[in-house]
Amino acid sequence: MNKSQNVTDYPNKNTIFMVWKFKDQTDASAVFKKLCSLVGNLNNSYAVRRPDGRTSCVMGVGHDAWIRLGMPNPLPKELVNFEPIVGIKHTAVATFGDLHFHLRAENEAICFDMAMAISDVLRPNAECLEEVHGFRYWDGRSIIGFVDGTENPIGEEREFFAVVGDEDPAYKGGSYLFVQKYLHNMKDWKSLSTEEQEKIIGRSKMDDIEMSDEVKPSNSHSALTAITDENGDELKIVRDNMPFGNPSKGVAGTYFISYASTFSTTKKMLENMFIGNPPGNYDRILDFSTAQTGTLFFVPTLDMLDQFGE
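Keep in mind the model is a prediction, meaning the values are calculated, not measured. (Residues numbered from 1 in each chain as written. Predicted model: local features only at pLDDT ≥ 70, side-chain atom pairs only at ≥ 80, totals over all residues. Heavy atoms only, no water.)

(A) Molecular detail of the pairing of strand β11 (residues 242-246). The pairing of β11 with strand β12 (residues 251-260) spans five bridges and is classified as antiparallel. Each bridged residue has a counterpart across the sheet, and for P243 the counterpart in β12 is T254. The antiparallel hairpin formed by β11 and β12 contains four residues in its connecting segment, where G250 sits at a positive phi of about 70 degrees. (Pairing = 2+ DSSP bridges. Helix = DSSP H or I, 4+ residues; strand = E, 2+ residues; numbered from the N terminus.)

(B) Up close: the packing of helix α1 (residues 28-49) against helix α3 (residues 108-122). Orientation of α1 relative to α3, taken along the N-to-C sense of each, is 165 degrees, at an axis distance of 10 Å. In this view, α1 runs roughly antiparallel relative to α3, as classed from their interaxial angle. The element α1 and its partner α3 pack so that their crossing is right-handed. Packed against α1, whose contacting residues are V31, K34, L35, L38, L42 and Y46, the element α3 presents I110, D113, M114, A117, I118, V121 and L122 at the interface. Considering only residue class, the contact of α1 with α3 consists of 11 nonpolar, no polar and two charged. (Axes fitted to C-alpha atoms, helices over the stretch in contact; angles between N-to-C directions. Parallel < 35°, antiparallel > 145°, perpendicular 65-115°, else oblique. Left-handed = near helix turned anticlockwise from the far one by under 90°. Contact = heavy atoms within 4.5 Å. Nonpolar A, V, L, I, M, F, W, Y, C, P; charged D, E, K, R; others polar.)

(C) Here's a closer look at α1. The terminal C-alpha atoms of α1, which comprises 22 residues, lie 31 Å apart, in line with the 32 Å expected from a rise of 1.5 Å per residue. Those residues of α1 that sit buried are A28, V31, F32, L35, C36, L38, V39, G40, L42, N43 and Y46. Turning to α1, the residues buried within the fold contact β1 (14-22), β2 (56-61), α2 (63-68), β5 (99-105), α3 and α9 (302-308). (Expected span 1.5 Å × (residues − 1). Buried < 20%, exposed > 50% of the residue type's maximum accessible area, 1.4 Å probe, protein only.)

Printed below as a string of structure tokens:
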């Protein structure tokens, strides 16, 4: 049961993220059965119809839904309900979600059709808590103007850092999926000089070059999200962040999404950002970016979805 869902693909031009909650008086297991089959069908169909479109539909399952659906017990070792991480000024909030869908395609119409097919199954039985339409902004930049995901693992490293291995044999091939929807205060951000912005990120804005350790502020984003294990080896996650916005309403944001072989890696990065390292030395980007959501899911293997499907 090791065939993974497509968690290691690179960000595409168009993305739809959806978070759903099952209604109390519904047969969630019957609905989930249909969804498992649908996810497999969507991935297979578009692989044939649009082989160059890099289309994928990834489904994650939250802690409470995992139990409600009667999925394998014991659970994945680190699948829990995410708890808020509270710093002296900023909080990584915790929000609820039973299911998460990550829909990617070159063509926006494909994302839309996949979202419609999933919603047709879920709408009578569940409530959509979040629907975010992401897009590629220039050369892979976030709306605040810096290239996003430069430190992402590349090539074979992506699977190593994103996919569960032999440390949890029952769930080998799965992945811990964590998401946050951030809103940016663009007025305050734009009031900063480029030099001030670069110190907050820890990289040059135009050419995306990381500052040296001697120059980079200790509370910069890149400094606090670079973590290592007890042996000094760097720990990474696979980010698939996408910008979103509604200019007429003054809304600009980033949907943060990470896939990791262990949630503890992502959690350590969040603690560095919100609490600080050392405590109080929090990530300065949070003065301009507010987390609206925070939810942990587990992405089962395709083999496991086949077992639960119709």
